Amino acid sequence: MKILYFAWIKKSLNISEERINLPKDVKNVRLLVNLLSNKSQKHKAVFSKIKSMKIAINHNIGSLNTKIKKNDEVAFFPPFTGG
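A quick note: this is a predicted structure, and the numbers were derived from the prediction, not measured.

S.K.: Is there a simple way to think about unusual backbone geometry in this case?
M.R.: If a residue is not glycine, its phi is most likely negative; likewise, a peptide bond is most likely trans. Positive phi values are uncommon outside glycine, yet Ala-7 reaches one of about 55 degrees. Following the sequence through the fold, Ala-7 ends up in helix α1 (residues 7–13). Phi at His-59 takes a positive value of approximately 70 degrees, unusual for a residue other than glycine. On the basis of relative accessible area, His-59 is assigned to the exposed category, the value being 70%.

S.K.: Can you walk me through the sheet that holds strand β3 (residues 54–57) in this structure?
M.R.: Paired through backbone hydrogen bonds, the strands of a sheet run either parallel or antiparallel to each other. A sheet is described by the order of its strands in space; here five strands give the open sequence β2-β1-β5-β3-β4, paired in mixed fashion. The outermost strands of the open sheet, each flanked by one partner alone, are β2 (17–19) and β4 (60–62). Here the strands of the sheet are splayed against their neighbours by 25 degrees on average, with no regard to which way each runs. Summarising the sheet, β3 and β4 pair through three bridges and their orientation is antiparallel. Across the sheet, the residue bridging to Ala-56 is Ile-61, located in β4. Each of β1 (2–5), β2, β3 and β5 (73–77) touches helix α2 (residues 29–37); the most contacted strand, β5, lies at about 75 degrees to it.

S.K.: Got a minute to help me understand the pairing of β3 in this structure?
M.R.: The side chains of a regular strand alternate, residue by residue, between the two faces of the sheet. Pairing between β3 and β5: four bridges, direction antiparallel. Directly across from Lys-54, in β5, lies its bridge partner Phe-77.

S.K.: Looking at this model, I keep getting lost on the packing of aromatic side chains. Mind explaining?
M.R.: Two aromatic rings, taken as a pair, are described by how far apart their centres are and by the angle between their planes. With the rule as written, the count across this model stands at three aromatic pairs. Considering the side-chain rings of Tyr-5 and Phe-76, the 6.2 Å spacing of their centres and the 20 degrees angle between planes classify their relative orientation as stacked. A residue pair is termed long-range when its members are at least 10 positions apart, and Tyr-5 in strand β1 and Phe-76 in strand β5 qualify at 71 residues. Using a relative accessible area of 1% as the deciding quantity, one classes Tyr-5 as buried.

S.K.: Any chance you could explain the side chain of His-43 here in plain terms?
M.R.: Counting through the fold element by element, His-43 comes out in helix α3 (residues 41–47). Every residue in contact with His-43, bar those within four places of it in the chain, is listed here: Tyr-5, Leu-13, Glu-18, Leu-36 and Ser-37.

S.K.: In this structure, what is going on with α2? I would like to understand it.
M.R.: In an α-helix, one turn spans 3.6 residues, which is why side chains three or four residues apart end up on the same side. Within α2, burial applies to Val-29, Leu-32, Val-33, Leu-36 and Ser-37. Along α2, the residues classed as buried sweep out an arc of 135 degrees about the axis, all on the same side. Residues of α2 that are buried sit in contact with β1, β2, α3, β3 and β5. Regarding α2, its N-cap is Asn-28, as a side-chain oxygen of that residue lies 3.1 Å from the backbone nitrogen of Arg-30 further along.

About the criteria used
Residues numbered from 1 in each chain as written. Predicted model: local features only at pLDDT ≥ 70, side-chain atom pairs only at ≥ 80, totals over all residues. Heavy atoms only, no water. Helix = DSSP H or I, 4+ residues; strand = E, 2+ residues; numbered from the N terminus. Buried < 20%, exposed > 50% of the residue type's maximum accessible area, 1.4 Å probe, protein only. Pairing = 2+ DSSP bridges. Axes fitted to C-alpha atoms, helices over the stretch in contact; angles between N-to-C directions. Contact = heavy atoms within 4.5 Å. Phe/Tyr/Trp six-rings, centres within 6.5 Å; stacked < 30°, edge-to-face > 60°. Arc of directions from axis to C-beta. Polar contact = N/O pair within 3.5 Å; in protein donor to acceptor, adjacent residues only side chain to side chain.

This is the structure we're talking about:
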C-alpha cells in the first residue's frame, strides 16, 4: 500500500510517502491509522490529530470507516479552502 502525506503532515513526519505491507486484519482507514500510529513517536503525534485531516483513497475523499485493500493509495492532508 502506498501512503502519501501532504503539508504539515509531510513536514512533521519528514517524509512525503511510504509503502507498507497491509496486514490482512487492517480493513479500513481507522485500523490503518492505528497501525501507522505505532510506527514511531512522530507518527503517533501526527495521527493524534486525525480529526484535523482529510483522507483520500485512490483519489476519492474517504473517512475513517472507508474500506481499504492492499494495493490502494491512501493520502492524508489538511482541509483546504478555495478562494
